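Now for the letters of each chain:
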Amino acid sequence: MRKIIIGVMGPGETATTDDLHNAYELGRLIAQQGWILLTGGRNVGVMEAANQGAKSANGLTLGILPGSQPDGISAAVDIAIFTDMGNARNNINVLSSDLVIACGMGVGTASEIALALKAHKPVILLIDDTDSRNFFQKLSGDNVYLADSALDAIATIQKYLI
């Protein structure tokens, strides 16, 4: 049986304290479910926090890196995929995930959400910004789910998506 891959996308350098807390908890809870965590693989922001959370629960982590060299990679990434594609790797992140959780908001995260919706992938929004929530729900209400916490996001996956 194929393992479920959960993509956690969110801001790097501009991640808030809440984003980092939520990302760490998401990583930990994803690992506890026996799912694989996929992130952008860098050692900053949501990517780093989610990977650290997954490793704290002995999870398997997959990082899709924007460059061709290991500099800037999270030490908590088990499997690193070097794309040398910059932000174009966002499509790889999305297409390799069974579903995407947006943890926080930034320009890169918005592009990943849009790519996920275009690919008909379920997206869980764990973001505080009401405008962003409304925007993405208007684009594709059927594939957009809202979560108020990491635990809520995991419950949504269990209830609706697997």
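Reading guide: rules and limits
- Residues numbered from 1 in each chain as written.
- Predicted model: local features only at pLDDT ≥ 70, side-chain atom pairs only at ≥ 80, totals over all residues.
- Heavy atoms only, no water.
- Axes fitted to C-alpha atoms, helices over the stretch in contact; angles between N-to-C directions.
- Helix = DSSP H or I, 4+ residues; strand = E, 2+ residues; numbered from the N terminus.
- Left-handed = near helix turned anticlockwise from the far one by under 90°.
- Contact = heavy atoms within 4.5 Å.
- Nonpolar A, V, L, I, M, F, W, Y, C, P; charged D, E, K, R; others polar.
- Phe/Tyr/Trp six-rings, centres within 6.5 Å; stacked < 30°, edge-to-face > 60°.
- Buried < 20%, exposed > 50% of the residue type's maximum accessible area, 1.4 Å probe, protein only.

Attention now goes to the packing of helix 1 (residues 17–32) against helix 2 (residues 45–56). Contact geometry of helix 1 with helix 2 gives a least axis separation of 6 Å together with a crossing angle of 35°. Note on packing geometry: the crossing formed by helix 1 with helix 2 is right-handed. Listed contacts from helix 2 to Asp19, Leu20, Ala23, Tyr24, Gly27, Arg28 and Ala31 of helix 1 are Gly45, Val46, Ala49, Ala50, Gln52, Gly53, Ala54 and Ser56. Looking at the contact of helix 1 with helix 2 residue by residue, the class counts come to 8 nonpolar, 5 polar and 2 charged.

Right, let's talk about the packing of aromatic side chains for a bit. Enumeration according to the criterion identifies 2 aromatic pairs in this entry. Ring centres of Phe135 and Phe136 lie 5.0 Å apart, and the angle between their planes is 75°; on these two criteria the pair is classed as edge-to-face. Since its relative accessible area comes to 48%, Phe135 is described here as partly exposed. Ring geometry for Tyr145 versus Tyr160: centroids 5.7 Å apart, planes at 25°, classification stacked. With Tyr145 in strand 7 (residues 144–146) and Tyr160 in helix 6 (residues 150–161), the pair connects residues that are 15 residues apart, well separated along the chain.

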